[in-house]
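Structural description and commentary
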Amino acid sequence: MSSSDNATRRAGAILTVDLGAIAANWRGLRDAGRAASRPVDCAAVLKADAYGCGATVVGPRLAAEGCRQFFVAHLEEGIALREAMPEHPIYVLNGLLAGTEADFVEHDLTPVLNHLGQLNVWRAAAQRYNRPLDAVIHVDTGMHRLGFDAEEAQVLINERGRLRGLRLALLMSHLVASEEPNNAVNGEQLSRFRNFVRAMPGAPTSLANSSGIFLGPDYHFDLLRPGAALYGINPLPGRDNPMLPVVTLQARILQTRRIDAFQTVGYGGAWRSARPSRVATIALGYGDGYFRVLINRTYVHLAGHRAPVIGRISMDLVTIDVTEVPEALCETGAVVEVLGPHMTPDDLADHARTNGYEVMTALGRRYARVYVDPPEPEPDPEPGPEIAP
């Protein structure tokens with residue numbers, strides 16, 4: 001028996017990640033760019049451990065699919081990914097922290113420069129190493145978070161010599177409300193970015209994140225930067241999800257008990273039975289990223305039967321009401337679907353009053369992780385989800 005089989009056998013909860021679905025989602029997003037009148041490349045955002053799916057596994061799988069450029073948020077994420085992917089460009093969105101220039105050079109990582117101070121430090125590093133270094137310029141077009149503000153962007157336009165010694169790998173910005181196609185801020189940002197690009201010719205350009213891809217070809221520029229959509233999160237809130245589901249989370253029943261009417265369950269007696277009931281306890285909790293706010297607000301499934309989550313979410317345990325579930329399905333060791341066909345990350349996010357991003361990035365490290373990559377069906381003239389920008 002392999003070590004992964006042993007880990008699965010011993011685990012209270014199992015997270016299955018479908019690498020084939022991630023690859024198909026990437027192909028669909030890439031093909032949305034290819035539908036434009038000019039060639040558009042498609043990168044992959046692997047920050048937050050590939051949205052909880054495992055960056056050092058997802059990255060090589062997407063590279064094998066044809067993805068050539070990758071984004072992470074932190075330097076340490078880039079270093080870990082570089083060990084798994086020795087050749088592809090890796091961009092670090094948070095840019096340079098003081099004293100990290102040598103780390104970027106040693107691991108062949110490219111900083112996304114967010115202000116003139118970072119640009120000056122990186123240029124000085126190029127001079128010390130006596131060779132050109134790649135750089136990405138991030139201009140703020142309305143997010144007001146990271147990036148060159150309007151004044152600094154104008155300084156760069158007026159003084160292109162500040163880039164001497166650097167290879168400009170990309171000009172980029174980030175959309176504020178791309179998931180809201182009718183929001184006027186999208187067009188305002190597009191106009192600001194176009195103006196900056198016109199004044200800084202000669203470098204590849206990138207604006208569209210996952211939802212931005214669906215705003216249409218005007219937003220595509222040279223490089224798409226999908227993140228959440230790769231992992232099955234719906235880039236079109238309120239509309240049908242065009243992406244394939246990626247994760248399944250299952251937890252085992254540890255114990256089932258009968259209780260009388262008017263008995264409480266869990267810490268603080270936060271749930272009280274209205275009738276004689278059967279209660280099962282499953283092996284996950286807020287220590288695994290299952291939010292405490294879900295108290296009495298969501299449900300799981302046993303063989304398609306819905307079972308409400310009841311009482312407070314504990315660090316390691318969740319209690320569910322299985323009174324309406326056939327008793328034979330509720331034995332110790334039975335597997336409960338926490339995320340999957342009946343409860344997507346977006347569904348759970350609605351119950352937790354958050355978004356699918358937080359659900360995915362909160363996926364715990366205690367789960368046994370299983371990676372699957374089923375073969376593609378043949379023939380498949382249009383692989384991946386159908387995407388119409």
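Keep in mind the model is a prediction, meaning the values are calculated, not measured.

About the criteria used
- Residues numbered from 1 in each chain as written.
- Predicted model: local features only at pLDDT ≥ 70, side-chain atom pairs only at ≥ 80, totals over all residues.
- Heavy atoms only, no water.
- Helix = DSSP H or I, 4+ residues; strand = E, 2+ residues; numbered from the N terminus.
- Buried < 20%, exposed > 50% of the residue type's maximum accessible area, 1.4 Å probe, protein only.
- Areas by Shrake-Rupley, 256 points an atom, 1.4 Å probe, with all protein chains shown as cover.
- Lys, Arg positive; Asp, Glu negative; His and termini not counted.
- Charge placed at Lys NZ, Arg CZ, Asp CG, Glu CD.
- Core = buried A, V, L, I, M, F, W, Y, C linked by side-chain atoms within 4.5 Å.
- Contact = heavy atoms within 4.5 Å.
- pLDDT = per-residue confidence, 0-100.
- Pairing = 2+ DSSP bridges.
- Right-handed = clockwise from strand over helix to strand, strands pointing away.
- Axes fitted to C-alpha atoms, helices over the stretch in contact; angles between N-to-C directions.
- Parallel < 35°, antiparallel > 145°, perpendicular 65-115°, else oblique.
- Left-handed = near helix turned anticlockwise from the far one by under 90°.
- Nonpolar A, V, L, I, M, F, W, Y, C, P; charged D, E, K, R; others polar.
- Phe/Tyr/Trp six-rings, centres within 6.5 Å; stacked < 30°, edge-to-face > 60°.
- Lys NZ or Arg CZ within 6 Å of the ring centre and 35° of its normal.
- Salt bridge = Lys/Arg side-chain N within 4 Å of Asp/Glu carboxyl O.

Attention now moves to the overall build of the chain. Counting secondary structure elements, the chain contains 12 helices and 19 strands. By principal-axis analysis of the C-alpha atoms, the chain measures approximately 80 × 45 × 40 Å. Per-residue burial over the chain gives 52% buried out of 389 residues. About 17900 Å² of surface is accessible on the chain, with carbon and sulfur atoms providing 49% of the total. Positive and negative side-chain charges of the chain, numbering 37 and 44 respectively, have mean locations separated by a distance of 3 Å.

This brings us to the nonpolar core. Formed by 114 residues in total, the largest nonpolar core has its most connected members in Leu 46, Leu 62, Trp 122, Tyr 231, Tyr 290, Leu 302 and Ile 320. Considering each element in turn, this core owes the most residues, six residues, to helix H2 (residues 19-34). For Leu 62, the residues in contact, after removing those within four places along its chain, are Ile 22, Ala 23, Trp 26, Ala 44, Leu 46, Cys 67, Phe 70 and Leu 230. In this structure, Ile 259, Trp 271, Val 279 and Ile 310 belong to the second largest nonpolar core, which totals five residues.

This part is about the confidence of the model for the chain. Summary statistics for the chain give a mean pLDDT of 93 and a share of 94% for residues scoring 70 or more. Note on residues 378-383: pLDDT under 50 across the span, and two contacts to partners over four residues away in sequence or across chains.

Attention now goes to the pairing of strand S6 (residues 110-113). Burial along S6 is two-sided: Thr 110 and Val 112 facing one way and Pro 111 and Leu 113 facing the other are all buried. In this structure, strand S5 (residues 90-92) lies alongside S6, joined through two bridges in parallel fashion. Its bridge partner lying in S6, Tyr 91 is registered against Thr 110. In this structure, S6 lies alongside strand S7 (residues 133-138), joined through two bridges in parallel fashion. Counterpart to Leu 113 in the pairing with S7 is Ile 137. With helix H7 (residues 116-129) bridging S6 and its parallel neighbour S7, the resulting β-α-β unit is right-handed.

This part is about the packing of H2 against helix H4 (residues 55-65). Running from N to C, H2 and H4 point in directions that differ by 50°, and their axes come no closer than 10 Å. Between H2 and H4, the angle falls in the class oblique. In the packing of H2 onto H4, the handedness of the crossing is right-handed. In this structure, H2 contributes Leu 19, Gly 20, Ile 22, Ala 23, Trp 26, Arg 27 and Arg 30 to the contact, and H4 contributes Val 57, Val 58, Arg 61, Leu 62 and Glu 65. Here the contact of H2 with H4 is built from residues that sort into seven nonpolar, one polar and four charged.

Tallying each qualifying case throughout the model produces five aromatic pairs. Arranged with centres 6.1 Å apart and planes meeting at 50°, the rings of Tyr 51 and Tyr 357 form a pair that is tilted. On the criterion of sequence distance, the pair formed by Tyr 51 in helix H3 (residues 47-51) and Tyr 357 in helix H12 (residues 356-361) is long-range, its members being 306 residues apart. For Tyr 51, a relative accessible area of 6% corresponds to the buried category. Judged by centre distance (4.9 Å) and plane angle (80°), the rings of Phe 193 and Phe 221 are edge-to-face. Here Phe 221 lies in the loop between helix H10 (210-213) and strand S10 (223-224) and Phe 193 lies in helix H9 (residues 184-199), a separation of 28 residues in the sequence. For the pair Phe 193 and Phe 221, a shared accessibility class is recorded, and that class is buried. Among the aromatic residues, ring-to-ring pairing joins Tyr 51, Tyr 231 and Tyr 357 into one connected group. When the ring centre of Tyr 299 is taken as origin, the NZ or CZ atom of Arg 306, which lies over that ring, is 3.7 Å away.

At a minimum axis separation of 9 Å, H4 and helix H5 (residues 75-84) run at an interaxial angle of 50°. Our classification of the angle between H4 and H5 gives oblique. Seen from above, H4 lies across H5 with right-handed handedness. Judged by residue contacts, Ala 55, Thr 56 and Pro 60 of H4 engage Ala 80, Leu 81 and Ala 84 from H5.

Quick look at the side chain of Arg 61 now. Among the structural elements, Arg 61 can be located in helix H4. Residues within four places of Arg 61 in sequence aside, it is in contact with Leu 19, Gly 20, Ala 23 and Asp 373.

Read across the sheet, seven strands follow the order S3-S4-S5-S6-S7-S8-S9 without closing on themselves; strand pairing throughout is parallel. On the outer flanks of this sheet lie strand S3 (44-45) and strand S9 (205-206), each paired with one strand and no other. In terms of strand pairing, S7 meets strand S8 (residues 166-172) through six bridges, oriented parallel. Note on S8: the bridge partner recorded for Val 136 is Leu 170.

Attention now moves to the pattern of salt bridges. Tallying each qualifying case throughout the model produces 15 salt bridges. Glu 159 is the partner of Arg 162 in a salt bridge, and the nearest nitrogen-oxygen pair spans 2.8 Å. The exposure class of Glu 159 is partly exposed, given its relative accessible area of 38%. Bridged by salt links that share partners, the residues Arg 27, Arg 61, Glu 65 and Asp 373 form one connected network.

Of the pairings in the sheet, the one linking strand S1 (residues 13-18) to strand S11 (residues 247-259) comprises five bridges and is antiparallel in character. Paired with Thr 16 across the bridge in S11 is Thr 248. The pairing of S11 with strand S18 (residues 335-339) spans four bridges and is antiparallel. When the sheet's bridge partners are listed, Ala 251 is paired in S18 with Val 336. The sheet contact formed by S11 and strand S14 (residues 277-282) spans six bridges and is antiparallel. Directly across from Arg 257, in S14, lies its bridge partner Val 279.

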